[in-house]
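# Architecture at a glance
In case you want the letters, here they are:
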Amino acid sequence: MAGRGGLLMLENFIGGKFLPCSSYLDSYDPSTGEVYCHVPDSGEEEVEAAVEAARAAFPGWSSRSPQERSQVLQRLADLLEQSLEELAQAESRDQGKTITLARTMDIPRAVQNFRFFASSTLHQTSECTQMDHLGCLHYTVRAPVGIAALISPWNLPLYLLTWKIAPAIAAGNTVIAKPSELTSVTAWMMCRLLEKAGVPPGVVNVVFGTGPRVGEALVSHPDVPLISFTGSQPTAERITQLSAPHCKKLSLELGGKNPAIVFEDANLDECIPTTVRSSFANQGEICLCTSRIFVQRSIYSEFLKRFLEATRKWKVGIPSDPSADMGALISKAHLEKVRSYIKKARLEGAQILCGEGVDKLNLPPRNQAGYFMLPTVITDVKDESCCMKEEIFGPVTCVVPFDSEEEVIQRANGVKYGLAATVWSGNVGRVHRVAKRLQSGLVWTNCWLIRELNLPFGGMKSSGVGREGARDSYEFFTEVKTITVKH
Ligand code: NAD
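An unreviewed UniProt entry lists the protein under the name 2-aminomuconic semialdehyde dehydrogenase, with Muntiacus muntjak as the source organism. The heading Sequence similarities (unreviewed entry) in the UniProt record of the protein holds the text "Belongs to the aldehyde dehydrogenase family." UniProt, in the comment section headed Catalytic activity (unreviewed entry), describes the protein in these words: "2-aminomuconate 6-semialdehyde + NAD(+) + H2O = (2Z,4E)-2-aminomuconate + NADH + 2 H(+)".

We now examine the overall build of the protein. Of the regular secondary structure elements, the protein holds 15 helices and 23 strands. Over its C-alpha trace the protein gives a radius of gyration of 23 Å, about what one expects of a compact globule, namely 23 Å for 487 residues. The principal-axis extent of the C-alpha atoms belonging to the protein is close to 70 × 70 × 40 Å. For the protein, contacts bridging at least 24 residues in sequence account for 72% of all contacts bridging at least 6.

This part takes up the site of the ligand. Near the ligand lie 31 residues; those nearest to it are Pro-153, Gly-211, Gly-215, Gly-231 and Gly-255. For the shell around the ligand, the secondary structure elements donating two or more residues are helix 7 (211-219) and helix 8 (233-243). The greatest single-element share of the shell around the ligand, amounting to five residues, is contributed by helix 7. When its residues are assigned to classes, the shell around the ligand shows eleven nonpolar, 14 polar and six charged. Residue-level mapping places the shell around the ligand at the junction of two domains, with at least three residues from each of domain 1 (8-254 + 463-486) and domain 2 (259-445).

Given 3.6 residues to a turn, an α-helix orients residues that are three or four positions apart in the same direction. Under the 1.5 Å per step criterion, the end-to-end length of helix 1 (residues 44-62) is 26 Å for 19 residues, consistent within 8% with the ideal 27 Å. At Ala-56, helix 1 shows its largest bend, some 30°, and a proline, Pro-59, comes one to four positions later. Of all the residues in helix 1, the buried ones are Glu-46, Val-47, Ala-50, Val-51, Ala-53, Ala-54, Ala-57 and Trp-61. Of the surrounding elements, those touching the buried residues of helix 1 are strand 2 (12-14), strand 8 (147-151), strand 9 (174-178), strand 10 (204-206) and helix 7.

Moving on to unusual backbone geometry. At Cys-247, a residue that is not glycine, the phi angle is positive and equals roughly 50°. Following the sequence through the fold, Cys-247 ends up in the loop between helix 8 and strand 12 (249-253). You will see that Leu-449, though not glycine, has its phi angle at about 60°, which is positive. Considering the arrangement of structural elements, one finds Leu-449 in the loop between strand 20 (442-445) and strand 21 (460-461). Judged by the 16 C-beta atoms lying within 10 Å of it, Leu-449 falls in the partly exposed class.

Relative to each other, helix 2 (residues 66-82) and helix 4 (residues 99-120) sit at 165°, their axes nearing to 8 Å. It follows from the interaxial angle that helix 2 and helix 4 lie roughly antiparallel. The interaxial crossing formed by helix 2 with helix 4 has left-handed handedness. When helix 2 is examined against helix 4, the residues Ser-70, Leu-73, Gln-74, Leu-76, Ala-77, Leu-80 and Glu-81 are found in contact with a partner set consisting of Ala-110, Val-111, Phe-114, Arg-115, Phe-117 and Ala-118. Here the contact of helix 2 with helix 4 is composed, by residue class, of nine nonpolar, two polar and two charged.

On to the UniProt feature "active site" (unreviewed entry) in the protein, then. The sites that UniProt annotates as "active site" (unreviewed entry) are Glu-253. With respect to the helices and strands, the residue Glu-253 is situated in strand 12. Under the C-beta neighbour-count criterion, Glu-253 is labelled buried, with 26 such atoms within 10 Å. Excluding anything up to four places from it in sequence, Glu-253 contacts Phe-229, Thr-230, Gly-458, Gly-459, Gly-464 and Glu-468.

With that settled, the discussion passes to helix 7. If you check which residues of helix 7 are buried, you get Val-214, Gly-215, Ala-217, Leu-218 and Val-219. The secondary structure elements touched by the buried residues of helix 7 are helix 1, strand 8, strand 9, strand 11 (226-230) and helix 8.

The next thing to look at is the UniProt feature "domain: Aldehyde dehydrogenase" (unreviewed entry) in the protein. Within the UniProt annotation, "domain: Aldehyde dehydrogenase" (unreviewed entry) is assigned to residues 24-483. For residues 24-483, helix accounts for 42% and strand for 21%, while the C-alpha atoms at its two ends are 50 Å apart.

On to the sheet that holds strand 1 (residues 8-9), then. With mixed pairing, three strands are arranged side by side in an open sheet as 1-5-4. Only two strands of the sheet have a single partner each, and these edge strands are strand 1 and strand 4 (24-29). Pairing of strand 4 with strand 5 (residues 34-40), which is carried by six bridges, proceeds in the antiparallel orientation. Looking across to strand 5, one finds that Leu-25 is bridged to Val-39.

It is worth spelling out the domain arrangement of the protein at this point. Looking at the assigned domains, one finds that the protein contains domain 1 (8-254 + 463-486) and domain 2 (259-445). Of note, the centres of domain 1 and domain 2, computed from C-alpha atoms alone, are 31 Å apart. Broken down by secondary-structure element, the contributors of at least two residues to the side of domain 1 that touches domain 2 are helix 3 (84-95) and helix 4. Taken together, the residues of the side of domain 1 that touches domain 2 sort by class into seven nonpolar, ten polar and two charged.

Attention shifts here to the confidence of the model for the protein. The predicted model of the protein averages 97 in pLDDT, with 99% of residues at 70 or higher. Mean pLDDT per element in the protein: strand 1 is the minimum at 95, and strand 9 is the maximum at 99.

Okay, the environment of Ile-272 next. Along the chain, the position of Ile-272 falls in helix 9 (residues 268-280). Given 21 C-beta atoms within a 10 Å radius, Ile-272 is considered buried. Sequence separation between Ile-272 and Glu-309 is 37 residues; the distance between their C-alpha atoms is 9.9 Å. Those residues in contact with Ile-272 that lie beyond four places of it in its chain are Arg-306, Phe-307 and Ala-310.

Scoring rules and cut-offs
- Residues numbered from 1 in each chain as written.
- Predicted model: local features only at pLDDT ≥ 70, side-chain atom pairs only at ≥ 80, totals over all residues.
- UniProt positions renumbered as here; feature names shortened; annotations may be inferred.
- Helix = DSSP H or I, 4+ residues; strand = E, 2+ residues; numbered from the N terminus.
- Rg over C-alpha atoms; globule rule 2.2 N^0.38 Å.
- Contact = placed C-beta atoms within 7 Å.
- Near = placed C-beta within 6 Å.
- Nonpolar A, V, L, I, M, F, W, Y, C, P; charged D, E, K, R; others polar.
- Domains from an automatic or database assignment.
- Expected span 1.5 Å × (residues − 1).
- Bend = angle between axes of the 7 residues up to and from the residue.
- Buried ≥ 20, exposed ≤ 12 C-beta atoms within 10 Å, placed from the backbone.
- Axes fitted to C-alpha atoms, helices over the stretch in contact; angles between N-to-C directions.
- Parallel < 35°, antiparallel > 145°, perpendicular 65-115°, else oblique.
- Left-handed = near helix turned anticlockwise from the far one by under 90°.
- Pairing = 2+ DSSP bridges.
- pLDDT = per-residue confidence, 0-100.

Here it is as structure tokens:
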């Protein structure tokens, strides 16, 4: 919808209707640094209206059969797929990611999320067990929890929001979704498809705005018993505090400081391009991105030389350029934060081998004020350095040598996070041994980011609480009851 000054102006989606808001936030095009969209700056009033709508829709939606709900999800998947190109263009512009990534990963995955949960929800069964000596039969029943608050970050906007909406509504809940205020456009576009897909009014409500205003109103609302959150660890702490007085059900998917471990028997022809991708895909703004690369000393020099050559070929370009490997970072503030890590690394005596401050960006004049940065490789950096300990969430990776298997496991585990790790080795025994000992919710060996949606996804330690996936999401979005019948 065109608004002030011809800019895109979004509206909240509550009870099946688009509703204007009394105030708006500016949203920037990361590739130019210009405002191009206005996002509702919602607060308590909008959350109250969304809770009302979600509450009213719950009895009807939750009493539909899983098959009926599944059909609605299937139709929504089809409609999203029909709009794939339009959504990909919008996601790329709003987030700064390349159009290629939006076309091949973000939007196809959003479609798949609805298809996947439309199917998986039909195959969930409950448990039954017997105690014949006491004449008892025990079984479980599951029911949707009620109104689910779904809060998502800016890095994979529609992808991560639909990964929450799909299992929540498939299980019979009604939802209030709050996308990141930095990337709200594709969630709003999805709302335009809900009626046609047959989603009844009030089943999916979307309130836009900031964390402190609309996010906090949502998580502290007494009638919202469940929160699924993906974002940063400090926000998760705040959400945990606010929801504690109400004992809400929480799922927290947080950050990482993900190691890649490259043993001397690794296939470098596969490892190097994959590790460049795992470090810099989506500008390094994926929670699963590699940011510490441990390389066995005997191959360290060769690895580094080839890794640098491949990184220098990784093309930074405007998001709409189909040949670009990397686009713009999300915001000016984030770009400055990422750059500050490079400054700190220099002060600590580390070497910056390519990227920020070493090579020059080549951008069209219109994009000079965009939030671009070159992929950056740091070496000679200590494990205690902030670059090796803190989540940078940008196109920055550290490469360091190691000597033994035991040593590298200790060092890889030596951070507060535990989300994802990759292990590169041709030795099957070693791969199993190391994968088992890594403190990490996900371990990829000789590959990266191959996802099987049936299996649990989530982190250990400060990377989160809970798991998502076919069975895990179903269990999270339902309450279980154990019934004992004595006969
Ligand atoms: P963020 O925590 O700043 O924001 C995430 C969401 O929470 C946004 O919608 C934001 O508006 C909202 N929010 C902020 N403050 C809030 C508050 N006080 N109450 C309620 N809601 C609030 O995170 P971000 O910067 O948008 O995203 C980057 C982070 O997300 C990184 O740490 C990244 O690793 C993590 N992430 C994790 C996963 C995963 O699956 N584990 C996936 C993607 C991103």
